[in-house]
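What follows is the residue order along each chain.
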Amino acid sequence: MRLWTLHPRYLDAQGLVALWREALLAREVLRGRTIGYRHHPQLARFKASARPRSAINAYLASVHDEAVERGYAFDRRKLGRTGACETIAATDAQVAYEWQWLCAKLRARSPAVYRRHRGVAHPAVHPLFHVVRGPVADWEIARQHAAR
């Protein structure tokens with residue numbers, strides 16, 4: 001499961017569709033409706049928010065907005081109520097880590113999308129997040145492997 005901190009505008013079609021599905025799954029996990037993924041590390045920041053379900057619904061709403069902007073037919077009925085929701089802190093190192101990872105994916109999978117975004121020095125984040133100084137998130141698997 002990858003719930004990108006980056007703004008969904010940078011994703012290619014495959015990435016945006018995958019993000020939609022994974023965020024819907026994450027919402028089901030946060031609702032307690034699944035057995036699997038309950039302890040997935042990517043959910044930690046949503047669980048730590050004051051209103052986890054509102055946070056994931058806000059996350060989904062922005063993904064849906066991006067899909068509509070592109071002319072995709074994501075099912076609006078799958079959106080939950082968002083209400084007032086505080087933004088979640090994401091570190092600058094986490095954003096940089098994800099940007100590097102996404103650029104590598106795009107370079108291989110969607111060269112045209114990669115070329116469109118490769119000059120971006122400071123990528124925007126998903127509207128649910130705000131950037132603070134700090135390290136890559138502890139829940140990143142690559143980081144755990146590097147520490148060994």
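Residues numbered from 1 in each chain as written. Predicted model: local features only at pLDDT ≥ 70, side-chain atom pairs only at ≥ 80, totals over all residues. Heavy atoms only, no water.

A. Looking closely at the packing of aromatic side chains. In total, this model carries eight aromatic pairs according to the counting rule given. A ring pair is formed by Trp20 and Phe74, whose centres lie 5.0 Å apart and whose planes are at 35°; its orientation type is tilted. One end of the pair, Trp20, is in helix H1 (residues 13–30); the other, Phe74, is in the loop between helix H3 (52–70) and strand S1 (88–91), with 54 residues separating them in the sequence. By the burial criterion, Trp20 is buried, and Phe74 matches it. Here Phe46 and Phe129 contribute two aromatic rings whose centre-to-centre distance is 6.4 Å and whose plane-to-plane angle is 75°, an arrangement assigned as edge-to-face. Within this pair, whereas Phe46 is found in helix H2 (residues 44–47), its partner Phe129 is found in strand S2 (residues 129–132), the two being separated by 83 residues in sequence. The residues Phe46 and Phe129 share a single accessibility class, namely buried. What links up through ring pairs into an aromatic cluster is the set Trp4, Tyr97 and Trp101. A cation sits over an aromatic face here: Arg2 above Trp4, 5.3 Å from the ring centre. (Phe/Tyr/Trp six-rings, centres within 6.5 Å; stacked < 30°, edge-to-face > 60°. Helix = DSSP H or I, 4+ residues; strand = E, 2+ residues; numbered from the N terminus. Buried < 20%, exposed > 50% of the residue type's maximum accessible area, 1.4 Å probe, protein only. Lys NZ or Arg CZ within 6 Å of the ring centre and 35° of its normal.)

B. Up close: helix H4 (residues 92–109). When the terminal C-alpha atoms of H4 are compared, their 25 Å separation across 18 residues agrees well with the 26 Å that a helix rising 1.5 Å per residue should span. Within H4 the residues assigned to the buried category are Gln94, Val95, Glu98, Trp99, Leu102, Cys103 and Leu106. Buried residues of H4, viewed axially, fall in a sector of 160°; they line one side. Summarising the geometry of H4, the exposed residues directed more than 90 degrees from the buried face are Gln100 and Ala108. Elements in contact with the buried residues of H4: H2, S1, helix H5 (111–117) and S2. (Expected span 1.5 Å × (residues − 1). Arc of directions from axis to C-beta. Contact = heavy atoms within 4.5 Å.)

C. The arrangement of the side chain of Glu98 in detail. Residue placement: Glu98 occurs in helix H4. Assessed through its relative accessible area of 0%, Glu98 is described here as buried. Engagement of the side chain of Glu98 in a polar contact is seen with the side chain of Arg2, the distance being 3.5 Å. (Polar contact = N/O pair within 3.5 Å; in protein donor to acceptor, adjacent residues only side chain to side chain.)

D. The arrangement of the nonpolar core in detail. With 36 residues, the main nonpolar core has Leu3, Phe46, Tyr59, Leu102, Leu128 and Phe129 as its most contacted residues. Mapped by element, the contributors of at least two residues to this core are H1, H3, S1, H4 and H5. With eight residues, the top contributor of residues to this core is H1. Leu102 has contacts with Trp4, Leu6, Tyr10 and Leu11, leaving out every residue within four places of it along the chain. (Core = buried A, V, L, I, M, F, W, Y, C linked by side-chain atoms within 4.5 Å.)

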